[in-house]
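# Summary of the model geometry
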Amino acid sequence: MEEVVLRLQELLFPSIANVAVLSVDVGSEMVRVDAQCAAVGAACPGCGTWSTWVRSSYLQFPADVPSSGRSVVLQLRVRRFRCRNTRCPRQTFVEQIPGLTRRYGHRTERLRSTLAAVGLALAGRAGARLAAVLGVSVSRSTVLRLVDALPEPEVPAPRVVGVDEYATRKGRHYGTVLVDVETRRPIDLLPDREASSLAAWLAERPGIEVVCRDRAPFFAEGAAAGAPQAIQVADRWHLWHNLSEAAERSVAQHRRCLRVLTPAAPGPESDVVPAADLSASPWPRGHRFADRTRSRHAAVHALLKAGHSRRSVQRQLGMTYRTVKQFADAAAPEELFTGQWQKRPSVLDDYKPYLDDRWSEGCTNAWKLWEEIVPLGYKGSYQRVRAYLHDKRTSPQPVTARPPSPWAVAGWILRRPETLTEAEQLQLKAIRTRCPELDALTRHVQSFATMLTGRQGERLPEWLDAVLQDNLPSLHTLAAGIDRDRDAVIAGLTLPWNSGVVEGYVNRIKTLKRQMFGRAGFALLRKRVLFSS
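The structure reproduced in this document is the subject of the present report. Predicted model only: the values in this text are computed from it and were never measured.

## Digging into the environment of Thr 442
Structurally, the position occupied by Thr 442 is in helix H16 (residues 436-453). The exposure class of Thr 442 is buried, given its relative accessible area of 1%. Distance from Thr 442 to Ala 410, taken between C-alpha atoms, is 9.0 Å for residues 32 residues apart in sequence.

Right, dumping it as structure tokens:
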């Protein structure tokens, strides 16, 4: 029996000293353990005086981690000692077993650490559900309190720091996350993204040598003020992303150069309407007013040819004499489509060339086109624009090849040439031949890509000068921003450091926020981020 008790003691309290197991009762659903402290005395927590004067004892029932699917009921007898130091304000104290109990604790240290680990991984509500499955009944608030009670982790002094922003409320409030790039572990979270907060944090750590950041101005100012000795490194991914956005804007500004028309497919001769008929008749065949006019014109001329007078035609057809005279004087019915039937000028006429160009570019949304021509001076209604586009949509159009979108062409320019298909290479070559600006854009993008992948940051001044020589306003804006942050960009294109690990923790923060919906206070979020691996 003693061997069984010792064995259970090793299983239940493997790393806890001074615990004597008195008895163990193993049932089908519960394990009852009677234990006590085996030490002779205890040190006073107030003054540290060792005492062996036992004043009284009582039983504690701290909750413990279930074992082998059975709940563990720990009945622990603890002693209350009297402090022998007469000057100590604490007259009595209760002994504590290191690694097992703590003052005012209702759970063992092992159960506290287990629930805290569950809370770090799953937060409150999901952590409480998992704890119930493991056999521990606990509320979600208790799980969060255990996480919040964890001590601050010990972080070694960093040498290379990555900094980025994260959103506590997207579009309104942001914070700052700092990561040790060498160990790939989070160091701290700041409640805002102000330059002064970052500068104060960096000033407390003079050993920082490199600061990896994006091109946000507040991070640049904070790093310069708090760590003037450190090298600032602009992240390469953000540089390429900025170049991609500028390239897409440049291609969009030259979308007219993307049109690639193919010859219209010839149709059967019966479907072709002669140009003379289309120009002579303002209304096509099938229009009820045009067909009625043609039939009346034919009837009037048939009676006149048969020898009837105009008065006789008037009586037979029930027309006025003036109407009969108009039909008789017209050699063809198309001559009658004049006067009040003639097409009147429209307020949309001056804007139809613009609408036709945008239609050929692929924009067929009537509301969007109406919004585009209103600033140009159009005073008409939206319904008129919609009717005009409806006629274009329903009328037969020549078969043409749809031009590639600016987004697709920008993708061809930004990708490696060897990854393009043969058709894409031919189209890009044709576009570059027709548009000198897009040809220059392609050369600048390829030069920057070579400089980025080959870590040739010393070529940046030459690249900036070359960009300014061409008529590319979007690239000029990018070049001006890079020139203001030239040293950090050159370092980013030369040194091996980047902010990739920081971006990973920004995504992790988003996951933690979703888990803690409604309870994501900054202090609790900071604890979960710092203890995350």
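## Details of the packing of aromatic side chains
In total, this model carries seven aromatic pairs according to the counting rule given. Between Tyr 351 and Tyr 378, the ring centres sit 5.5 Å apart and the planes meet at 80°, which makes this aromatic pair edge-to-face. Of this pair, Tyr 351 sits in the loop between helix H10 (321-329) and helix H11 (352-360) while Tyr 378 sits in the loop between helix H12 (366-373) and helix H13 (382-394), and the two are 27 residues apart along the sequence. Accessibility assignment for this pair places Tyr 351 and Tyr 378 in one class, buried. Each ring, one from Trp 367 and one from Tyr 382, has its centre 5.0 Å from the other, and the planes form 65°; the classification is edge-to-face. Linking Trp 367 in helix H12 with Tyr 382 in helix H13, this pair joins segments that are 15 residues apart in sequence. According to the relative accessible area criterion, Trp 367 is partly exposed, its value standing at 44%. An aromatic cluster of at least three residues, connected via ring pairs, comprises Trp 367, Trp 370 and Tyr 382. Above the plane of the ring of Tyr 321 lies Arg 311, whose end atom (NZ or CZ) is 4.2 Å from the centre.

## Observations regarding the side chain of Lys 527
Looking at the element boundaries, Lys 527 is found in helix H21 (residues 522-530). Beyond its immediate chain neighbours, meaning those up to four positions away, Lys 527 contacts Leu 120, Val 147, Asp 148, Ala 149, Leu 150 and Glu 152.

Criteria and thresholds
Residues numbered from 1 in each chain as written. Predicted model: local features only at pLDDT ≥ 70, side-chain atom pairs only at ≥ 80, totals over all residues. Heavy atoms only, no water. Helix = DSSP H or I, 4+ residues; strand = E, 2+ residues; numbered from the N terminus. Buried < 20%, exposed > 50% of the residue type's maximum accessible area, 1.4 Å probe, protein only. Phe/Tyr/Trp six-rings, centres within 6.5 Å; stacked < 30°, edge-to-face > 60°. Lys NZ or Arg CZ within 6 Å of the ring centre and 35° of its normal. Contact = heavy atoms within 4.5 Å.

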